2 protein chains.
Amino acid sequence: LEKSKDKAVDLGRSIKKLGQDDPRRVIHSLKVGLAFTLVSLLYYVRPFYDSFGISGIWALMTVNFVFEFTVGATISKGLNRGFATFSAGALGVGAQHLACLFGEVGEPVVLGFLVFLLVGAATFTRFFPRIKARYDYGVLIFILTFSMVSVSGYRVEKLLELAQERLSTIVIGGATCIIVSIFLCPVWAGEDLHKLIFMHLEKLAVFLEGFGSEYFQSVNEDKAVISTGEKTFRLGYKSILTSNNMEESLANFARWEPGHGRFRFGHPWKQYLKIGALTRQCTYQIEALNGYLNSDLQAPPAFKKRIQEPCMKITLESSKALRMLGSDIKLMTEPSLASLHLCNSKVAVDNLKILLKTTSLEDAELLSIVPAATVASVLIQVVKHIEEIYEA
Amino acid sequence: LEKSKDKAVDLGRSIKKLGQDDPRRVIHSLKVGLAFTLVSLLYYVRPFYDSFGISGIWALMTVNFVFEFTVGATISKGLNRGFATFSAGALGVGAQHLACLFGEVGEPVVLGFLVFLLVGAATFTRFFPRIKARYDYGVLIFILTFSMVSVSGYRVEKLLELAQERLSTIVIGGATCIIVSIFLCPVWAGEDLHKLIFMHLEKLAVFLEGFGSEYFQSVNEDKAVISTGEKTFRLGYKSILTSNNMEESLANFARWEPGHGRFRFGHPWKQYLKIGALTRQCTYQIEALNGYLNSDLQAPPAFKKRIQEPCMKITLESSKALRMLGSDIKLMTEPSLASLHLCNSKVAVDNLKILLKTTSLEDAELLSIVPAATVASVLIQVVKHIEEIYEA
């Protein structure tokens, strides 16, 4: 009993955490509930029921599959569903008429063959990466509607009427979804993408700051004083490594969204993807850099101290530059101060190079220092790329 | 006209390519077509139609949403669908009976409230990462079925009979999917995962081989002779960087698959994920290494030549070790020769370290060489990790 009580408490805690991490999740759940309740009015209210009958379940089904977390996803699925149902319905009726020409016996054979052919072809199109990303749901609905209309046409008499009833309930369901998702605390995929991108830049900046001070701290102070609390900065950037799928799907959905807030319809979402990809490139370098923090190959303190100044400067300035770029993206202003910091860090890199050249290196255990500098310079190139691309 | 002809030719070519890249795609499309045709027999054959009526469309719907590319995905979705429909149907009937107690006027209000509550709660559970990964489809179907049963119960008389009819057609549809996907040229998620993992190790090995020879080739020969054809080895590993989602979903599906070929039910799929994650760690290092190939900071040839031997040895031996590990995974044998190569490469790393210590480094432009060595040693640590984990 104790155990199950503990489990219940744990569950309660994780539910609470889930809600607190992103309160929009709770709101979303309520919105979905609301949409379902609204659509079920089609059943409860007498005049609606009289005109639609049991086709009302199609509205429920539409809400179920179309309502998504972000506005963009909802609209994209709704439109996909609408168009797919319409075109597949028309094709299905056509197939039905065609099959009728083959007489009582031939009809099911021809229908079966047509279904086999079209379903196979449509399934194959789902393997095209472009279609998979944008119209996957549409193709799925197309297959379903086509096979349903053409097959049930064999038995049902008033096919056209039925199809019309269903189409209108689906439109009602889809419209309910889109309206509820836009007008009640909307969650915009575009805004999420925007936030994700500049959060990533900031995380990198935080890491660089932390890296500089932690790596050289061990020179100035005792090695043991590195507190574990400080080490959290190292984990922040890890999520960037695997965020590509999320970015892509958000960008896909953002394209469908109408203008909102500071974003127009047709905002250059692809730019975000480019920046995201470059940020990820940069993160791979950072990941390598992180390896040197834990490495047991540590340079001798004397040498570390010598290169400390330019290295610190590089990390600080490039982290400032990243921060600036992040806030430029956030506020959607032209990159301004970022280039200044970028220049500073480039100067620091040059200084480091000169320093390395002039220092007589009796001690060859550079294994841990030089990489850091190199990676920093690679990093700067990446930041430069970002700057070039960012024009918004 | 010319243009549209060109486009058609392009389209034809890309279709052909898609089919040739993985012929299982064509087979899968045909299988889906077949499953649809089989299920539509419920309509065409008189005795079936007499017992199921228009509930046959539920079989079509099930096939449409359940049939997936891999066996594991199909089974997982089929079971999800079955259980969700059953439990939600039972709950829906219960809700309907409960609401009946509140009289003519109260019934729709209570029903609406119950739908709102349960749908909201179920939608919220979809945000739990674990549920999202494994039971997302089940929850979706649960919501749909519950709302459909409880809402339409308000109007339809023979609710239980209807629910039973639907459940049985859904079971028929699901069973058709599972049978067709298992017995006709099955595509096993587990096998794909297995293949993916050892392919990744091999790609890394190919890169390391290529890296060694290309990086030091420029010392021995003219710089200009690096042919572009050779550079393809560099791109092979890029796909590993972003494969985490694919690996996870494959592993999720693989858990559902019955024993097949050399895999038992309950094969340690999680091990594959661990190896995959370590491989990715390793790839991040490789990505950093790749940066030095293009870098304009090149070490002076004299120095490169000096460290060439141990570096080449490291890359060769660790690439051999990776290859061995890959083939060990492929054949599911105990890692054997891999550890030998691993030892060799460790010796080479030690040699390199000694060499670096003894060489008097007048020239400080190590920027490009030392990182290579360091990364190689990090790489070896990663390979060691892989070895530790792999016990299958």
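One can find the structure itself at the top, above this paragraph.
This text gives an overview of the structure that appears in the document. (Residues numbered from 1 in each chain as written. Chains lettered and ligands numbered in written order. Predicted model: local features only at pLDDT ≥ 70, side-chain atom pairs only at ≥ 80, totals over all residues. Heavy atoms only, no water.)

### A few points about the packing of aromatic side chains
Geometry of an aromatic ring pair is reported as the spacing of the ring centres plus the angle between the planes. All names here are of chain A. Inspection of every chain in the model, using the stated rule, returns two aromatic pairs over all chains. The interplanar angle of 5° and the centroid separation of 6.4 Å between the aromatic rings of Phe 142 and Phe 146 together place this pair among those described as stacked. One end of the pair is Phe 142 and the other is Phe 146, both in helix H7 (residues 129-152) and four residues apart, which spans about a single turn. Here Phe 142 and Phe 146 have matching classes, each one buried. Taking the ring centre of Tyr 137 as reference, the NZ or CZ of Lys 77 above it sits at 4.7 Å. (Phe/Tyr/Trp six-rings, centres within 6.5 Å; stacked < 30°, edge-to-face > 60°. Helix = DSSP H or I, 4+ residues; strand = E, 2+ residues; numbered from the N terminus. Buried < 20%, exposed > 50% of the residue type's maximum accessible area, 1.4 Å probe, protein only. Lys NZ or Arg CZ within 6 Å of the ring centre and 35° of its normal.)

### Brief notes about the nonpolar core
Membership of the largest hydrophobic core comes to 78 residues, with the highest contact counts inside it found for Phe 36, Trp 58 and Phe 65 of chain A together with Phe 36, Trp 58 and Phe 65 of chain B. Other than its neighbours up to four places away in sequence, Phe 36 of chain B contacts Val 115, Val 119, Ile 143 and Ser 147 of chain A together with Leu 60, Val 63 and Asn 64 of chain B. (Core = buried A, V, L, I, M, F, W, Y, C linked by side-chain atoms within 4.5 Å. Contact = heavy atoms within 4.5 Å.)

### Regarding the side chain of Thr 145 of chain B
All names here are of chain B. Counting through the fold element by element, Thr 145 comes out in helix H7 (residues 129-152). Here Thr 145 falls in the buried class, since its relative accessible area comes to 10%. Every residue in contact with Thr 145, bar those within four places of it in the chain, is listed here: Thr 85, Ala 88 and Gly 89.

### Let's talk about the pattern of salt bridges
All names here are of chain A. What the rule picks out here adds up to two salt bridges over all chains. Between Asp 10 and Arg 13 there is a salt bridge, with the nearest N and O atoms lying 3.9 Å from each other. Here Arg 13 and Asp 10 lie together in helix H1 (residues 2-21), a separation of three residues that amounts to about one turn. Taking the relative accessible area as the measure of exposure, Asp 10 reaches 47% and is therefore partly exposed. Classification of Arg 13 by relative accessible area gives exposed; the value is 56%. (Salt bridge = Lys/Arg side-chain N within 4 Å of Asp/Glu carboxyl O.)

### Regarding the environment of Trp 256 of chain B
With respect to the helices, strands and loops of the structure, Trp 256 of chain B is situated in the loop between helix H12 (244-254) and helix H13 (269-294). Judged by its relative accessible area of 23%, Trp 256 of chain B is partly exposed.

### Considering the packing of helix H2 (residues 24-44) of chain A against H7 of chain B
A packed helix pair is summarised by two numbers, namely the angle formed by the two axes and the spacing between the axes. Their axes nearest at 10 Å, the elements H2 of chain A and H7 of chain B cross at an angle of 30°. With respect to H7 of chain B, the element H2 of chain A is oriented roughly parallel. Of the two elements, H2 of chain A crosses H7 of chain B, and the hand of that crossing is right-handed. Here Phe 36, Ser 40, Tyr 43 and Tyr 44 of chain A of H2 of chain A lie close against H7 of chain B, whose contacting residues are Ile 143, Ser 147, Val 151 and Ser 152 of chain B. Across the contact of H2 of chain A with H7 of chain B, the residue classes tally to five nonpolar, three polar and no charged. (Axes fitted to C-alpha atoms, helices over the stretch in contact; angles between N-to-C directions. Parallel < 35°, antiparallel > 145°, perpendicular 65-115°, else oblique. Left-handed = near helix turned anticlockwise from the far one by under 90°. Nonpolar A, V, L, I, M, F, W, Y, C, P; charged D, E, K, R; others polar.)

### A short note on the side chain of Thr 176 of chain A
All names here are of chain A. With respect to the helices, strands and loops of the structure, Thr 176 is situated in helix H8 (residues 159-183). Reaching out from Thr 176, the side chain makes a polar contact with the backbone oxygen of Ile 172 at a distance of 2.7 Å. Apart from residues no more than four positions distant in its own chain, Thr 176 is found in contact with Ala 35, Leu 38 and Val 39. (Polar contact = N/O pair within 3.5 Å; in protein donor to acceptor, adjacent residues only side chain to side chain.)

### A short note on helix H6 (residues 103-125) of chain A
Spanning 23 residues, H6 of chain A covers 32 Å between terminal C-alpha atoms, matching the ideal 33 Å at 1.5 Å per step. Among the structural elements, helix H5 (71-100) and H7 of chain A together with helix H1 (2-21) and helix H2 (24-44) of chain B are those in contact with the buried residues of H6 of chain A. (Expected span 1.5 Å × (residues − 1).)

### Things to note about the packing of H5 of chain A against H6 of chain A
All names here are of chain A. It is at 8 Å that the axes of H5 and H6 come closest, and there the two elements cross at 145°. Considering only the axes of H5 and H6, their crossing is right-handed. Residues Leu 91, Ala 95, Gln 96, Leu 98, Ala 99 and Cys 100 of H5 lie in contact with H6, whose contacting residues are Gly 103, Glu 107, Val 110, Leu 111, Leu 114 and Leu 118. Here the residues of the contact of H5 with H6 are counted per class, giving nine nonpolar, two polar and one charged.

Nothing here speaks to function; it is all geometry.
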